[in-house]
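# Fold and contact review
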Amino acid sequence: MTRELPGVDVVLVGFGWTGAIFAEKLTAAGLDVLALERGPWRDTAKDFATTFAQDELRYYWRHGMFQETSQSTLTFRNNSAQTALPMRHWGSFLPGNGVGGAGVHWNGQTYRFLPSDFVARSHNEERYGRLPEGMTVQDYGVTYEELEPHFDYFEKICGICGKAGNLGGSTVEGGNPFEGPRSDEYPNPPMEMTFSQDRFAAAARELGLSPFPVPSANMSRAYVNPLGLQLAPCTYCGFCEKYGCGNYSKSSPQTTIIPVLMQRENFTLRTETEVLSIETAADGSRASGVTYVDTSGETVFQPAEIVVMCAYPLENTRLMLLSGIGTPYDPRSGEGVVGKNYCYQVMSSATVFFDEEFTNGFVGAGALGMTVDDYNGDNFDHSGLGFIGGGYIACHTTNARPIESHPVPEGVPGWGSEWKRAMRENFLKTTTVGVHGASMAHRSNYLDLDPTYTDAHGRPLLRMTYDFTLNDRRLTDHITPIAEEIARGMGGREVKVNALNGSYDSTPYQTTHNTGGTIMGSSPADSVVNRYCQSWDLPNLFVAGAGLFPQNAGYNPTGTVGALAYWAAEAITEQYMRQPGPLVQA
Amino acid sequence: MSGRPASRLALAIAAGLGALAAATGPATAQELAHSQVERGRYLAIAGDCEACHTDFENGGAPFAGGRALSTPFGTIYSPNLTPDDETGLGRWTREEFHRALDEGRDDEGRHLYPAMPYPYYTLMTRQDTDAIFAYLRSLEPVAAETPENDLPFPLNIRRAVAGWKLLYFENETFDSVPDQSEEWNRGRFLVDGPLHCGGCHTGKNWLGADIDDEYLRGGLLENWFAPNIRGGENGGIAHWEVEDIVKFLGTGRGRHTVPMQRMGEVVAISTQNLREEDLRAVAVYLKSLDDAVREEHDAPEAARLETGAGLYFDNCAACHAADRSGVPYFFAPLDRSNKVLAEDPASAIRIILGGARTQPTEAAPSMLAMPPFAWKLSDAQIADLLTYLRGSGDRRAAPVSAAQVAEMREYLAQEH
Amino acid sequence: MADFTRRRIVQSMLFGGTALVLPSGLIAAEFGRGEGMPWSPFKGEPPYHGTHADSFFTPAEREAVAAICARLIPSDDDGPGATEADVVTFLDRQMAGFYGRGQHWYMRGPFAEGTATQGYQSRFPPAMLYRNALAELDAYCRTRHDAVFAGLTEELQDEVLTGLDEETIIFESVSAKTFFDLILKNTIEGFFADPIYGGNRDMVAWRYIGFPGTRYDYRDFVGHDGAPIQLATVSLTGRPGWSAP
């Protein structure tokens, strides 16, 4: 008999970026909020202080703060003809775990999707004609204009450092000329760039492109955010992505929201508690709460008036499937929605090797970079190209951590004396021009429950069926040469192109940008939640995270994830609380 | 809008300070009970009564006493100030309460241990203590028996305190100094009276009494060194402006440093809730206190400076900056730091070993933490690091030995 | 802002949440409820790095591993290699710890070979993979070349390793290719990890490639503009310059 606890107003499943955002907004509105986090409490001085944060082995290679696959993982296959096998340890992506989630160990590259990204189907079909069969690209149901104030607020909470390119419709020098109109400048000026960015920007301008500084959550100066929380200046330590920041200079839930939450009596956080399922009331009309297990092994039922899923796209999708909420997606018929439109990111790059000059990659930060958007979204004419979307092309200097980053030129063997020498000669003298390409949805890429493998509690693992699509390959084949061209203009000795080849490989790290599975949209026939991120099936269930994206754009997702969270939180406080029930008529 | 970061704190001070301050004017003949209670509440905040008279460690009710206070002489438990008849002040009179704060006697005439800082509170007037009493009477009575003190013979005999008082206690009244401003006098009243800064910041003799010559020149308490807070020429905070002191006390953030540990408690419970003009008065008074020229110290040996400099650059620069300028209001600048350059390096050693954090306050809720270095640096290394920091600027303090660090390490190991 | 009592404000300022036994008797770490951020001195999670006592390899295995590492990252005119960096000690400690046991990995069956894109699928966690592979490696070398791997000439050793990498040499109990990929990866880890883990002795590998180590402040060097940066290499537990000679 599962013990029942006293009810609360709101339960948040997971406590990373979106959990912190919802907690802050909903407690400010007077609701009693309980956050349940599967992993442990994490804070700067305890978990990644300046005295030991710089530990490559511990934090990256031994996955110090990532989700433990022994506790929960997923199975993977490239296509439905194969048998999915477990990701026994992480490779291509690194899901977060613990308080702050992946918000603790992200890079800090913080973009807004383009206005056209939110209407990818209607915009592209209007311009280029009907999309190919099998491309399940959809509109979000919400527009950039509606999200703009929430982008603005999230950027201010984080203290994003950048240069506006479009203020209120007017183009501004030094920013991204392609961006959607902004109501305000960035709260902090751009970071100071290094040698590699200078060379990249010069080469890009030579080609008629418009480079601008990467919008960065690594602080360019001391900053106090709207909640009164303090962020210190970034020290370019080169231990950003995959690592926690030891001196409060990277935006994270810990540095931007959590200390204020901890002062609120109506906020409670329970760590080391894993939600097993979301319960539905007997009449099927609403979610009644969640069932969870803590480290004592006991299972309890936690009733709640509102449930918000903040557990990352993969776990959110799995929880909905395990809880029997919504219709699971069936790739053969194309019916169903939960698990549909899983997308990722299409990555390629060109490495520049210098002879005389030192790029000194160890002087780096996660979002230190210059980028061009000329080949992103629909910023260029796709007529006759056979694909939609694009990606930014950027030159970052994030690290020279030796286990991870020791590039060698083309033709050098993978081990031995020749390799060792090439590694030494080039270690401090390389940089990379990378393409961060959009991932368009396709009916063959999806998430469902694995038929064979289970987690520690005996529940089926999530199964990921994913491979690159024709759109992906045409996109990368078109844009990678441009990255190469810029790279060749940077004055190095040689350039090595790292093109996208073959099937999606789950082994080498690419990005932790898993999107889809719980997509938002205008109709319950083709989406899991409505434009307010409210479940079409259970009106008191809301979903957060990049799982909302019907497809992924050519940008890092966090900026848009944050904006959607603030947008949905506002829908709860301003609309749902006044009149509980569906906010959109199906 | 990209506002200047520091101005946010300035705005926050005003917001934070306004929140809980009591509004009072000059005493009127007709004292309304409400205004009396409010006045008393404000004075109780200034006196920081709640800090000692609440058992925080065990979730005790406010003012219900029972907090264990460790003194060099043993452990004393604070009494219950709520108006409970059996265990609190329920049956006390106003006269008895005044005598407690003015003379250090309880309702039965027995002496109070000067852990209760009545040598400072004695400066308050009968009107002040009546107001505090009215405030305490307005609280919910809480039944909470005060535990027995844990003092060795003969200190456990209260009559022994009579001797101490004979030597060291003066039942003073506060007299304004006529040729000083009203603000200065108000500041002096607060510092020497309710705020009882000297309780920690004045050096003590072996019997725990203030040494007059050491007035606000620093004191050691529970192995923390509360630094020299004279703000005049040669004083510990000579380089602070009035505004710096006001911000430090009012928001828990300052340009030069932040309140930590015990002082963090004081700011959180007491000073962040005082009116800005009172904090300004305190600052003006402190700024008027000159000090003797500091003892000249020789520069340390070159070898220690070299290792110390290397240790500093490798370990400390990430927050305190390569040139020791820190990040004002975040990470203390160290080149003129009062903590680093204090005569007694106890606090500096302790912070390096165990870490420290900024006090979250209403105006500044961040908890910026310095991590512990105990596992990473040896006694000799910490000693060299501090010797470098103390010996390589224009103001020098004495070098630190590995033995001093070892002693503190052992003391802390016992505590934790 | 929520309406809270003065007591809670004070509580939140001073003391943080700790693991509370909740009124309902639940066992969970609970935070919030107005009690502020938890903090106490000395709290932290400095690296756990095992000790010299942690050992997994038999003497024969250790010899074989040392010999493999010495070919993957050789000592030569250009500079030190895995031998100087004592990578074998690093590997020994790793195999003896949670990594060798695969404790953090999903090691539940069923096990199948998988495609090249599906990653590590061996039923053996790293330590047992090593054990099986090293046994088969030495057996192969004895059969083909009349000596265990460590007894072969460097040319022959390279030939054998190439055979593992290019899958011309196959093992029975484990995948030779998986083993090769893993030991190459682990050797690079051992070469470049912080010395606290047993390899990269005296930061020899970092000094060899010019990596300044565990520094955390490069603000003064952001404007390097392509010039080299000279900084003494430092590790988590320091460098020689931290102590007087």
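Above this text is the structure in question.
What you see is a predicted model; the values in this text were computed from it and never measured.

Turning our eyes to something else, we now look at the pattern of salt bridges. Scanning the model with the defined rule gives 73 salt bridges over all chains in all. Here K420 of chain A makes a salt bridge to D76 of chain C, at a shortest N to O gap of 3.0 Å. Placement of the pair is K420 of chain A in helix 10 (residues 417–426) and D76 of chain C in the loop between helix 2 (59–72) and helix 3 (87–96), with the two residues belonging to separate chains. R33 of chain C is the partner of E30 of chain C in a salt bridge, and the nearest nitrogen-oxygen pair spans 2.9 Å. Owing to a relative accessible area of 2%, E30 of chain C belongs among the buried residues under this scheme. Given the relative accessible area of 26%, R33 of chain C is considered partly exposed. Within the structure, one salt-bridge network assembled from shared partners comprises R38, E274, E315, R318, D455 and R459 of chain A.

This paragraph deals with the packing of aromatic side chains. Centre-to-centre distance and the angle between the planes together describe a pair of aromatic rings. Residue and element names in this part refer to chain A. According to the stated counting rule, one finds 55 aromatic pairs over all chains in the structure shown. Relative to Y243, the ring of Y59 has its centre 6.2 Å away and its plane inclined at 65°; by these criteria the two rings are edge-to-face. With Y59 in helix 3 (residues 56–61) and Y243 in the loop between strand 10 (230–231) and helix 7 (253–256), this pair connects stretches of sequence that are 184 residues apart. Y243 shares its class with Y59; the two are buried. Geometry around Y186 places R182 over its ring, the cationic atom sitting 3.7 Å from the centre. Above the ring of Y509, the side-chain terminus of K242 is found at 4.5 Å from the ring centroid.

When you line up the elements, N218 of chain A lands in the loop between strand 8 (212–213) and strand 9 (223–224). Separated by 2.7 Å, the side chain of N218 of chain A and the backbone nitrogen of A367 of chain A make a polar contact.

Okay, helix 10 of chain A next. It helps to recall that an α-helix has 3.6 residues per turn; residues three or four apart then point in one direction. Within helix 10 of chain A, the full set of buried residues consists of W419, K420, A422, M423 and N426 of chain A. All buried residues of helix 10 of chain A fall inside an arc of 165° around its axis, so they share one side. Contact partners of the buried residues in helix 10 of chain A: strand 15 (346–353) and strand 18 (430–437) of chain A together with helix 2, helix 7 (176–192) and helix 8 (204–209) of chain C.

Here the focus is the state of the cysteines. In this structure the tally under the stated criterion is zero disulfides over all chains. Between C234 of chain A, a cysteine without a disulfide, and C240 of chain A, which holds the nearest cysteine sulfur, the sulfur-to-sulfur distance is 6.4 Å. No disulfide involves C141 of chain C; its sulfur sits 15 Å from the nearest other cysteine sulfur, which is in C69 of chain C. Looking at C141 of chain C, the relative accessible area reads 0%, which means it is buried.

In this section: the interface of chain A and chain C. Counting residues at the interface gives 98 residues for chain A and 96 residues for chain C. Both sides of the chain A and chain C interface together cover about 7900 Å² of buried area, and 61% of this is carbon and sulfur. The largest per-residue losses of area from chain A upon contact with chain C belong to R62, R88 and W415 of chain A, which jointly make up 12% of the total buried on that side. Between chain A and chain C we count six salt bridges in total. Taken together, the connections running from chain A to chain C amount to 42 residue pairs in polar contact (both at pLDDT 80 or more). Within the residue set of the side of chain A that touches chain C, elements represented by two or more residues are helix 2 (44–47), helix 3, strand 4 (74–77), strand 5 (85–86), helix 8 (258–261), strand 11 (267–271), helix 10 and strand 19 (446–454) of chain A. With six residues, the single largest contributor to the side of chain A that touches chain C is helix 10 of chain A. Taken together, the residues that form the side of chain A that touches chain C break down as 42 nonpolar, 33 polar and 23 charged. Alignment of strand 11 of chain A against strand 1 (residues 29–32) of chain C, held across four bridges, turns out to be antiparallel. Within strand 1 of chain C, the residue paired with T268 of chain A across the bridge is G32 of chain C.

Moving on, we come to the packing of helix 2 of chain C against helix 5 (residues 126–145) of chain C. Residue and element names in this part refer to chain C. One way to put it is that helix 2 packs onto helix 5 with a least axis distance of 10 Å and a crossing angle of 80°. Classified by the angle between their axes, helix 2 and helix 5 sit roughly perpendicular to one another. Along the contact surface, helix 2 presents E61, A64, V65 and I68, while helix 5 presents Y130, R131, L134, L137 and D138. Residue classes in the contact of helix 2 with helix 5 are distributed as six nonpolar, no polar and three charged.

Here we come to the sheet that holds strand 20 (residues 460–465) of chain A. Residues and elements named next belong to chain A. As summarised here, the arrangement of the four strands in space is 5-4-20-19, forming an open sheet in which the pairing is mixed. Looking along the sheet, the strands with just one partner apiece sit at the ends: strand 5 and strand 19. For strand 4 and strand 5, the ladder comprises two bridges, and the chain directions are antiparallel. Following the sheet pairing, T75 is matched in strand 5 by P86. Helix-sheet contacts for helix 9 (residues 313–323) involve strand 4, strand 19 and strand 20, and the interaxial angle to strand 20 is about 120°.

A word on a negative patch on the surface. Residue and element names in this part refer to chain B. A surface patch of negative charge is lined by E170, E172, D175, D212 and D213. Inspection of the secondary structure puts E172 in the loop between helix 7 (159–168) and helix 8 (182–192). Taking relative accessible area as the criterion, E172 reaches 36% and is therefore assigned partly exposed.

Moving on, we get to the interface of chain B and chain C. Contact with chain B, which involves 43 residues of that partner, is made by 30 residues of chain C. At the junction of chain B with chain C, the criterion picks out two salt bridges. Ionic pairing is found between R215 of chain C and D314 of chain B, a salt bridge with its closest N-O pair at 2.6 Å. In this assembly, chain B and chain C are joined by seven residue pairs in polar contact (both at pLDDT 80 or more). Of all elements in the fold, only helix 11 (261–269), helix 13 (302–315), helix 14 (317–320), helix 15 (346–354) and strand 5 (356–357) of chain B reach the threshold of two or more residues within the side of chain B that touches chain C. At six residues, helix 13 of chain B tops the list of elements feeding residues into the side of chain B that touches chain C. Looking at the side of chain B that touches chain C, its residues break down into 22 nonpolar, 14 polar and seven charged.

Quick look at the environment of T173 of chain B now. Position of T173 of chain B among the secondary structure elements: in the loop between helix 7 and helix 8. Taking the C-alpha atoms as reference points, T173 of chain B and L123 of chain B, 50 residues apart in sequence, are found 4.9 Å from one another.

All names here are of chain A. A large share of strand 14 (residues 299–309) lies buried, amounting to nine of its eleven residues. In the sheet, strand 1 (residues 3–4) pairs with strand 14 via two bridges, with the strands oriented parallel. Note on strand 14: the bridge partner recorded for E4 is F301. Relative to strand 14, strand 2 (residues 8–13) runs parallel, the two being bridged by five bridges. What sits directly across from V8, in strand 14, is A304. Sheet analysis places strand 13 (residues 287–293) next to strand 14, joined by five bridges and oriented antiparallel. Bridge pairing in strand 14 places V290 opposite Q302.

Core analysis: the biggest nonpolar cluster contains 240 residues, and F15, F22, F93 and I393 of chain A together with Y130 of chain C have the highest contact counts within it. Per element, the largest residue contribution to this core is eleven residues, and it comes from helix 12 (residues 558–576) of chain A. If sequence neighbours within four positions are ignored, F22 of chain A has contacts with L12, T27, V308, C310, A544, A565, A568, A569 and I572 of chain A. Core analysis: the next-biggest nonpolar cluster, separate from the first, contains 50 residues, L81, W92, F133 and L136 of chain B among them.

This part takes up the packing of helix 5 of chain C against helix 7 of chain C. Residue and element names in this part refer to chain C. Where helix 5 contacts helix 7, the axes come no closer than 10 Å and their chain directions differ by 120°. Here helix 7 runs oblique to helix 5, going by the angle between their axes. Judged by the sense of rotation from one axis to the other, the crossing of helix 5 with helix 7 is left-handed. Contact with helix 5, carried on its side by P126, L129, Y130, A133 and L134, involves T178, F179, L182, I183 and N186 of helix 7 and no other residues of that element. The residue makeup of the contact of helix 5 with helix 7, split by class, is eight nonpolar, two polar and no charged.

A regular strand places its side chains on the two faces of the sheet in alternate fashion. Residues and elements named next belong to chain A. When you tally the buried positions in strand 17 (residues 391–396), you get six out of six residues, the bulk of the element. Taken together, the four bridges between strand 16 (residues 369–372) and strand 17 define a ladder with antiparallel strand orientation. The residue of strand 17 that forms the bridge with M370 is C395. Where strand 17 and strand 18 come together, six bridges link them in antiparallel fashion. Note that in strand 18 the partner of H396 across the bridge is T432.

P110 of chain C follows G109 of chain C through a cis peptide bond whose omega is 5°. Note that P110 of chain C resides in the loop between helix 4 (98–101) and helix 5. Its identity as a non-glycine residue notwithstanding, R324 of chain B has a phi of 70°, on the positive side. Along the chain, R324 of chain B falls in the loop between helix 14 and helix 15.

Parameters at a glance
- Residues numbered from 1 in each chain as written.
- Chains lettered and ligands numbered in written order.
- Predicted model: local features only at pLDDT ≥ 70, side-chain atom pairs only at ≥ 80, totals over all residues.
- Heavy atoms only, no water.
- Salt bridge = Lys/Arg side-chain N within 4 Å of Asp/Glu carboxyl O.
- Helix = DSSP H or I, 4+ residues; strand = E, 2+ residues; numbered from the N terminus.
- Buried < 20%, exposed > 50% of the residue type's maximum accessible area, 1.4 Å probe, protein only.
- Phe/Tyr/Trp six-rings, centres within 6.5 Å; stacked < 30°, edge-to-face > 60°.
- Lys NZ or Arg CZ within 6 Å of the ring centre and 35° of its normal.
- Polar contact = N/O pair within 3.5 Å; in protein donor to acceptor, adjacent residues only side chain to side chain.
- Arc of directions from axis to C-beta.
- Contact = heavy atoms within 4.5 Å.
- Disulfide = S-S within 2.5 Å.
- Buried area = accessible area lost by both parts, 1.4 Å probe.
- Nonpolar A, V, L, I, M, F, W, Y, C, P; charged D, E, K, R; others polar.
- Pairing = 2+ DSSP bridges.
- Axes fitted to C-alpha atoms, helices over the stretch in contact; angles between N-to-C directions.
- Parallel < 35°, antiparallel > 145°, perpendicular 65-115°, else oblique.
- Patch = residues over 30% accessible without salt bridge, like charges linked within 9 Å, V, L, I, M, F, W, Y side chains within 5 Å.
- Areas by Shrake-Rupley, 256 points an atom, 1.4 Å probe, with all protein chains shown as cover.
- Lys, Arg positive; Asp, Glu negative; His and termini not counted.
- Charge placed at Lys NZ, Arg CZ, Asp CG, Glu CD.
- Core = buried A, V, L, I, M, F, W, Y, C linked by side-chain atoms within 4.5 Å.
- Left-handed = near helix turned anticlockwise from the far one by under 90°.

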